[in-house]
Amino acid sequence: MSKPRGNRKIACDATNSDLRSLVHFCAETGQIWLHEHRMLLVHANAQGGMRKELIDTLGMERARGLLIRMGFASGMHDAEVFSRRDQGATDYEAFMIGTQLHTLEGIVKVTTLKLEADRATGRFYGEFLWENSWEGQWHRHQYGTHSEPVCWSQIGYACGYTTALMGRPILYKEIECIGKGDNNCRIVGKPIEEWEDSADYLRIFNQESIADQLIDLQTQVVQLRSAINEKEKLPTDIVGNSKAFRVAYDMLQQAAKSQITVLLLGETGVGKEVFARALHDRSTRRNESFIAINCAAIPHDLVESELFGVEKGAFTGALNTRPGRFERANGGTLFLDEIGDLPLSAQVKLLRVLQEGEIERLGDHKVRKVDVRLVAATNVDLKQLVKEGKFRSDLYYRLNAFQINIPPLRERKEDIPLLATRFIEKYSAIYGKKLNGFTDKAMRVILTYPWPGNIREFMNMVERGVILAPNGTRIELEQMFSSSNNDPAMEFGLDSNGSLGVDHGEAEPGKDLYDEVLNGSMTLDQAEAMLIGAAVEKANGNLSAAARVLGLTRPQLAYRLGRLHDDEPATGGRA
């Protein structure tokens, strides 16, 4: 049955603290224990690599079934840890143990949205929010956004844990999943017979013989390799597989087949010039010149001479005749970056080039024909500039014949691992280093950082990391970011007894408390009373649970309560 909402947070805090007390590290034997079950600390990178190898070797469906069964077995084992410790827990507390274990083991942060459980009658309905799903994140990084939920081992865990506690098969499904583009994952669980497609899932939980289908697998591998070889490869400088990126790149491919003028739109640093070069390289003009000019980097009084050229003479003050960028790009492509900064006088002449294919050098009346493919780019709103009278409307409509929007990096986060690998390879070669990628914390920040400078900023940060990281290591967070605005979540470290405790970083644990005792602001009895009172409150009055949090037995806690409160019964709480 559901627990009253007001008491849930207290119960969760007490449960979480109690669970942490079950985790111990033994330095002498090299073993990690959850109660009496041996655990392993494994690298997420290695686990992700194994998961990828399973998928690439067995295919999505077989790997899905195997990972679900592995998760199911893990959930069953964790349910056993709970059942041997707290026989008298309520149904709500029993299921909250599973959510806390899933969080404690670093798999996913679980928030209960709805829980109706009655083990006596077998009735169950659960709905949970998953945040920071390890499996969903890794699948998306390695394969891009998937069409279906991908947190297979986590679903298996939830099914195994709940099935063990309920004593009947409980099936969970992901209703939302970050692996298919949702913000977070959301799961719903109920008895398997209440799902219409329960028969399909029963087959998943049954082990299948891989050996019987090896020939089919080999055939599929040959077909996949053939498809990969035939798949159109991206240019060397273009990296991406996200939906937003593919939309922009597919439009670029269409534009490359024609001679139409293209306008590239996007924030600073998204790679507009890289796109323009890729457009040129895929067009029929690939063997001719690609000329780029940044309109914002040239003084307004020099823009026309740079674009259209200049004749020497007293009128222009030029000592030598010089062809402009249009002539130099004749037969090829001219890329005008930051075209919104082009002065109005130059806009008039640019419009004539687009309409007539003709230019006149400054100080010369001779008309010269040019054959140039124009690609323009801007990070400003040209429509707004037209309204303000700073940009000609006729030129805007001519440039806007074919518009491509290049997405910012924050909208294509699944491309970040691909870009990171490319940049590390590039700068490792430049600086003569061999690096093994990023630490997990560095990658976590890379994926959550908004990257206001987009790919250009990311590239510079990776270069900084490559320079600072020692050869043969991974790039760490502080080697990329000189300062971080990320507020780290509370972490747990080891104390001298091999138990987990809160890691306060540089701050000394309990310093504020003992400073108050030592400077006379608080007595030792008052500090002890405050600590015991907080533990009892967090345990919702359950003295046994409070004692476990404090590392005491229940009789020891009762004795201390009796000593501190002689006028109150020591056993006033619940057993």
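Residues numbered from 1 in each chain as written. Predicted model: local features only at pLDDT ≥ 70, side-chain atom pairs only at ≥ 80, totals over all residues. Heavy atoms only, no water.

Asks: Even after reading the chapter, I still don't get a nonpolar patch on the surface, so can you show me in this structure?
Replies: On the surface, a cluster of nonpolar side chains totalling about 370 Å² of accessible area is made up of Ile430, Tyr431, Ile467 and Leu468. Secondary structure elements with two or more residues in the nonpolar patch: helix H16 (416–431) and helix H18 (454–468). Its location among the elements puts Leu468 in helix H18. On the accessibility criterion, Leu468 (44% relative accessible area) is partly exposed. (Patch = residues over 30% accessible without salt bridge, like charges linked within 9 Å, V, L, I, M, F, W, Y side chains within 5 Å. Areas by Shrake-Rupley, 256 points an atom, 1.4 Å probe, with all protein chains shown as cover. Salt bridge = Lys/Arg side-chain N within 4 Å of Asp/Glu carboxyl O. Helix = DSSP H or I, 4+ residues; strand = E, 2+ residues; numbered from the N terminus. Buried < 20%, exposed > 50% of the residue type's maximum accessible area, 1.4 Å probe, protein only.)

Asks: I would appreciate a short explanation of empty space enclosed by the protein in the present structure.
Replies: Any empty space left between atoms is shown by rolling a water-sized probe over those atoms. The full count for this structure, using the stated rule, is two cavities of 30 Å³ or more. Looking at the lining of the largest cavity, the elements that each hand over two or more residues are helix H4 (91–104), strand S5 (123–131) and helix H6 (152–166). Among the residues forming the lining of the largest cavity, the class breakdown is nine nonpolar, four polar and no charged. (1 Å grid on protein atoms, 1.4 Å probe; cavity = no way out; pocket = protein on both sides within 12 Å on 5 of 7 lines; lining within 4 Å. Points joined across faces, edges and corners; volume = space filled by probe spheres on them. Nonpolar A, V, L, I, M, F, W, Y, C, P; charged D, E, K, R; others polar.)

Asks: Explain the confidence of the model for the chain here, please?
Replies: When pLDDT drops low, the exact placement of atoms in the prediction is not to be read closely. Mean pLDDT over the chain: 81, with 79% of residues reaching 70 or higher. Put simply, helix H1 (residues 8–20) is where the chain has its lowest mean pLDDT, 50, and strand S8 (residues 262–265) is where it has its highest, 96. Confidence over residues 569–575 falls short of pLDDT 50; this stretch has 19 contacts with residues more than four positions distant or in other chains. (pLDDT = per-residue confidence, 0-100. Contact = heavy atoms within 4.5 Å.)

Asks: Would you take a moment to explain the state of the cysteines for this structure?
Replies: Here, the word disulfide means a covalent bond between the sulfur atoms of two cysteines. All chains considered together, the criterion is met by zero disulfides. Cys177 takes part in no disulfide bond, and the closest cysteine sulfur to it belongs to Cys151, at a distance of 3.9 Å. (Disulfide = S-S within 2.5 Å.)

Asks: Sorry if this is basic, but what is going on with the packing of aromatic side chains here?
Replies: A ring pair, where both rings are aromatic, is described by two values, the distance of the centres and the angle of the planes. Taken as a whole, this structure holds 14 aromatic pairs when the rule is applied. Aromatic ring contacts, followed pair by pair, group Phe423, Tyr449, Trp451, Phe458 and Phe481 into a single cluster. Just above the ring of Trp195 sits the side chain of Lys190; from NZ or CZ to the centre is 4.4 Å. (Phe/Tyr/Trp six-rings, centres within 6.5 Å; stacked < 30°, edge-to-face > 60°. Lys NZ or Arg CZ within 6 Å of the ring centre and 35° of its normal.)

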